[in-house]
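Structural characterization, general
Here's the letter readout for the chains.
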Amino acid sequence: MTVRFQALPPWGQTTFALVFLASLAMGLMLPAIVQPSALLAGVDVHTHASWEAVNRLAYDAGQSPYWNPYSFGGYPGMADIQTLAYYPPAMLLRGLPVPAFLTWGLVLHLWLLAVGVFVLSRQLGTGRVAGLVAATGVMLSGAVVPKIYAGHLIVLFGYAWVPLALALSIRWSRRLTLWPDPALVAVLVLQVLAGFLQGTV
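All of these numbers come straight from a predicted model, not from anything done at the bench.

What counts as what
Residues numbered from 1 in each chain as written. Predicted model: local features only at pLDDT ≥ 70, side-chain atom pairs only at ≥ 80, totals over all residues. Heavy atoms only, no water. Salt bridge = Lys/Arg side-chain N within 4 Å of Asp/Glu carboxyl O. Helix = DSSP H or I, 4+ residues; strand = E, 2+ residues; numbered from the N terminus. Phe/Tyr/Trp six-rings, centres within 6.5 Å; stacked < 30°, edge-to-face > 60°. Buried < 20%, exposed > 50% of the residue type's maximum accessible area, 1.4 Å probe, protein only. Contact = heavy atoms within 4.5 Å. Patch = residues over 30% accessible without salt bridge, like charges linked within 9 Å, V, L, I, M, F, W, Y side chains within 5 Å. Areas by Shrake-Rupley, 256 points an atom, 1.4 Å probe, with all protein chains shown as cover.

Some words on the pattern of salt bridges
Where charged atoms from two side chains of opposite charge come close, those side chains can pair. Per the counting criterion, the structure on display carries four salt bridges. We note a salt bridge from Arg171 to Asp181, for which the minimum N-O separation is 2.6 Å. Of this pair, Arg171 sits in helix H10 (residues 162-174) while Asp181 sits in the loop between H10 and helix H11 (182-193), and the two are ten residues apart along the sequence. Between Asp181 and Arg175 there is a salt bridge, with the nearest N and O atoms lying 3.7 Å from each other. The network of salt bridges with shared partners includes Glu52, Arg56 and Arg94.

What about the packing of aromatic side chains?
Counted according to the given criterion, the structure contains four aromatic pairs. Aromatic pair Phe16 and Phe20: ring centres 6.2 Å apart, planes at 15°, arrangement stacked. Pair noted here: Phe16 and Phe20 are both in helix H2 (residues 10-28), with a separation of four residues, about one helical turn. Judged by its relative accessible area of 31%, Phe20 falls in the partly exposed class. Taking 6.4 Å as the distance between ring centres and 75° as the angle between the ring planes, the aromatic pair formed by Tyr59 and Tyr86 counts as edge-to-face. Here Tyr86 lies in the loop between strand S2 (75-76) and helix H5 (88-93) and Tyr59 lies in helix H4 (residues 45-60), a separation of 27 residues in the sequence.

Some details on the environment of Leu28
Within the secondary structure, Leu28 sits in helix H2. Those residues in contact with Leu28 that lie beyond four places of it in its chain are Leu110, Met139, Leu140 and Ile148.

Some points on the environment of Thr47
With respect to the helices and strands, Thr47 occurs in helix H4. A sequence separation of 92 residues divides Thr47 from Met139, and the C-alpha atoms of the two residues are 24 Å apart.

Here's the deal with a nonpolar patch on the surface
Side chains of Tyr66, Trp67, Met78, Tyr86 and Met91 sit close together on the surface and give an oily, nonpolar patch of about 540 Å² of accessible area. For Tyr86, a relative accessible area of 33% corresponds to the partly exposed category.

Here you go:
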């Protein structure tokens with residue numbers, strides 16, 4: 001694989017890496033993709049599914065999900081960023097049924113995490129093969145897979161943006177300017193909206 005990979009032009013190597021990482025993320029979630037009517041495993045998945053159901057009820061009524069009357073004696077909806085009410089990737093996937101929404105949200109964020117590690121590796125000066133190995137290792141690591149099993153989706157959504165934020169921070173620091181990098185600002189905003197504020201902090 002290494003010889004053929006290195007025979008590709010640089011843009012071909014990068015494209016191959018992105019496609020390979022997307023295929024790996026989908027392969028990791030294949031059982032949930034094949035049976036979309038089944039929710040992912042894990043204790044927290046049902047919480048995420050109920051939050052999303054409340055979001056959709058509010059949007060279908062032409063309202064914002066200000067309040068969730070179904071949790072406890074009532075629970076703030078829009079005020080709690082963990083509900084993903086205004087998280088752009090969630091908004092893009094909201095046309096899917098709830099189980100598929102959760103599954104494809106996880107696939108997307110596994111891919112984002114791996115792409116971020118690949119970009120960070122390249123920013124640190126490694127070759128594309130080493131970057132691809134690092135990205136694959138992180139995606140399949142013990143820090144990620146158990147969180148999938150436990151249903152900690154928001155934790156993974158927040159973590160997915162960390163490597164890209166680090167890569168963009170390094171790029172920004174090398175420019176020796178006080179003006180913030182717009183891409184870094186966008187990634188940090190998305191990380192906050194992903195709902196895992198502890199991880200962001």
